[in-house]
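Residue strings, one per chain:
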Amino acid sequence: MSKAYKDHLGRPIVAVTGMGVITSLGQGLDDNWAALTGGVSGIHKITRFPTDALSTRISGTVDFIEIPAENAVERSYAMARETTLEALAQAGLSGDFNGPLFLAAPPIEPEWNARFELADRSPPSSQPGDAYNRFLAAMRQKADPTFHEAVLFGSISERLADRFGTRGLPVTLSTACASGATAIQLGVEAIRQGRTDRALTVATDGSVSAEALIRFSLLSALSTQNEPPEKASKPFTKDRDGFVIAEGAATLVLESLEAAVARGARIYSILKGCGEKADLFHRTRSSPDGGPAIATIRAALADAGIDEAGIGYINAHGTSTPENDKMEYLSMSAVFGERLPSIPVSSNKSMIGHTLTAAGAVEAVFSLQTMLSGTLPPTINYQNPDPAIVLDVVPNVKRSQQVTAVLSNSFGFGGQNASLVMTAEPA
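Let us look at the structure shown here.

Reading guide: rules and limits
Residues numbered from 1 in each chain as written. Predicted model: local features only at pLDDT ≥ 70, side-chain atom pairs only at ≥ 80, totals over all residues. Heavy atoms only, no water. Pairing = 2+ DSSP bridges. Helix = DSSP H or I, 4+ residues; strand = E, 2+ residues; numbered from the N terminus. Core = buried A, V, L, I, M, F, W, Y, C linked by side-chain atoms within 4.5 Å. Buried < 20%, exposed > 50% of the residue type's maximum accessible area, 1.4 Å probe, protein only. Contact = heavy atoms within 4.5 Å. Salt bridge = Lys/Arg side-chain N within 4 Å of Asp/Glu carboxyl O. Phe/Tyr/Trp six-rings, centres within 6.5 Å; stacked < 30°, edge-to-face > 60°.

1. Digging into the pairing of strand β9 (residues 269–278)
The two faces of a sheet get side chains in turn, since along a regular strand they alternate between them.
Stage number 1. Judged from the three bridges that link them, strand β1 (residues 14–23) and β9 form a sheet pairing that is antiparallel. When the sheet's bridge partners are listed, V16 is paired in β9 with S269.
Stage number 2. Sheet topology note: the β9/strand β15 (residues 416–423) ladder contains eight bridges and is antiparallel. Across the sheet, residue E276 finds its bridge partner in β15, namely A418.

In structure tokens form, the structure reads like this:
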């Protein structure tokens, strides 16, 4: 392999040759980017299920894609399928993909309405208190393929593998809010290690349900500012009160730069570096000193062979929760020091909400588009800045500015931290 196709550590350079995205702003990269840079919010009142008794009644649900059954697996699969179709078309690839699939998918369980329906048709049991035995008996009596599909964690990746002709056993992963970035990292590593010339990395999450809202509300993680919905997500402000749960998906086609050039593919950007570190501080809270997040960012920069001065824009995790925004700011301050206030740092979540499992990949797509378009998306709802967080958040209105290196952060529950460094196409 020519040195032109190797990075600073002698590994194959990894290029992005195709992208696809779906969020509450719409389907496809063009519609999403127009809305995102226009400061449009996709957050709205929930209509999928009753919310009268819930403290949070808003979300960034994706309700415009037809699915054969109303459950999270079908919704997540449909979004993953559509973003993959878009990414492959952009990459100019057809037929069998012939490379590995790395999928980030939500760790979902059957929704309560499905469980109740199954319980209603369960036969009398000698152990009436044993719900599991009753469910098994009902399934034996009358098979329910839809319900069965909805309880299999790996079913989404299996269906994607069949649909797009990926190679080998598809990998399904869940690393909380870092999942999308982790899927991309696995694709990068597969190419760097010489195991493949291309990888399909997908992240999807269609798991918004009443139960999800209740669980996150019990953690005091969700915003309760329901009116108006589009004003609820306000990262880095003094009056932020929690994140807005949302849905979405994104797909990236990754190829070795050498293979992509050889087939005449358009190179959209380079996946330059990946960093990940675990945080053992708490099951849901991040370490308040930001230590693991600091180490994650530094690991991504080192992996990319770029120092702090090389980053021109940061796509922040920016959840709009009081604690996480503060921790992320402290982490970025430790890494970038006095230069941080001069680096544009915006949060896509102010408009699309927190897409959970999909967030790292969705925000990676938007980070790449930032470099390609020379436009920085804004952080909307930035009317009351937090004086303890001194950042250029590209407040409320997009900005024209060319950048050639971007850092994208994803810091998740359970101590899952991942950062990506992306750069413009090399000359």
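2. Looking at the nonpolar core
Stage number 1. Ranked by size, the top nonpolar core spans 46 residues in total, and within it M19, I184, L252, L254, L271 and L420 carry the most contacts.
Stage number 2. Among the elements that line this core, the one with the most residues is helix α13 (residues 359–373), at seven residues.
Stage number 3. If near-sequence neighbours (up to four positions away) are discounted, I184 is found in contact with T201, L252, L254, L271, G360, A361, A364 and L420.
Stage number 4. Within the second largest apolar cluster, 27 residues are counted, among which are F236, A304, V345 and F411.

3. Quick word on the pattern of salt bridges
Stage number 1. One pass over the structure, following the stated rule, counts 15 salt bridges.
Stage number 2. Its salt-bridge partner being E255, residue R263 comes within 2.6 Å of it at the nearest N-O pair.
Stage number 3. Between D392 and R399 there is a salt bridge; the shortest N-O distance is 2.7 Å.
Stage number 4. Look at D392 and you get buried, because its relative accessible area is 18%.
Stage number 5. Using a relative accessible area of 27% as the deciding quantity, one classes R399 as partly exposed.
Stage number 6. Look at the salt bridges and you will find they share partners, linking D7, R11, R192 and D303 into a network.

4. What to know about the packing of aromatic side chains
Stage number 1. Tallied over the entire structure, the rule returns two aromatic pairs.
Stage number 2. Relative to F366, the ring of W33 has its centre 6.2 Å away and its plane inclined at 35°; by these criteria the two rings are tilted. Within this pair, whereas W33 is found in helix α1 (residues 29–37), its partner F366 is found in helix α13, the two being separated by 333 residues in sequence. The pair formed by W33 and F366 is uniform in burial state, with each residue classed as buried.
Stage number 3. Considering the side-chain rings of F216 and F243, the 5.3 Å spacing of their centres and the 75° angle between planes classify their relative orientation as edge-to-face. Residue F216 is located in helix α8 (residues 210–218), and its partner F243 is located in the loop between α8 and β8 (248–256); the two are separated by 27 residues in the primary sequence.
Stage number 4. Take F216: its relative accessible area is 17%, and that puts it in the buried class.
Stage number 5. Among the residues examined, F243 registers a relative accessible area of 4% and is labelled buried.

By themselves, these observations are geometric and do not establish any function.
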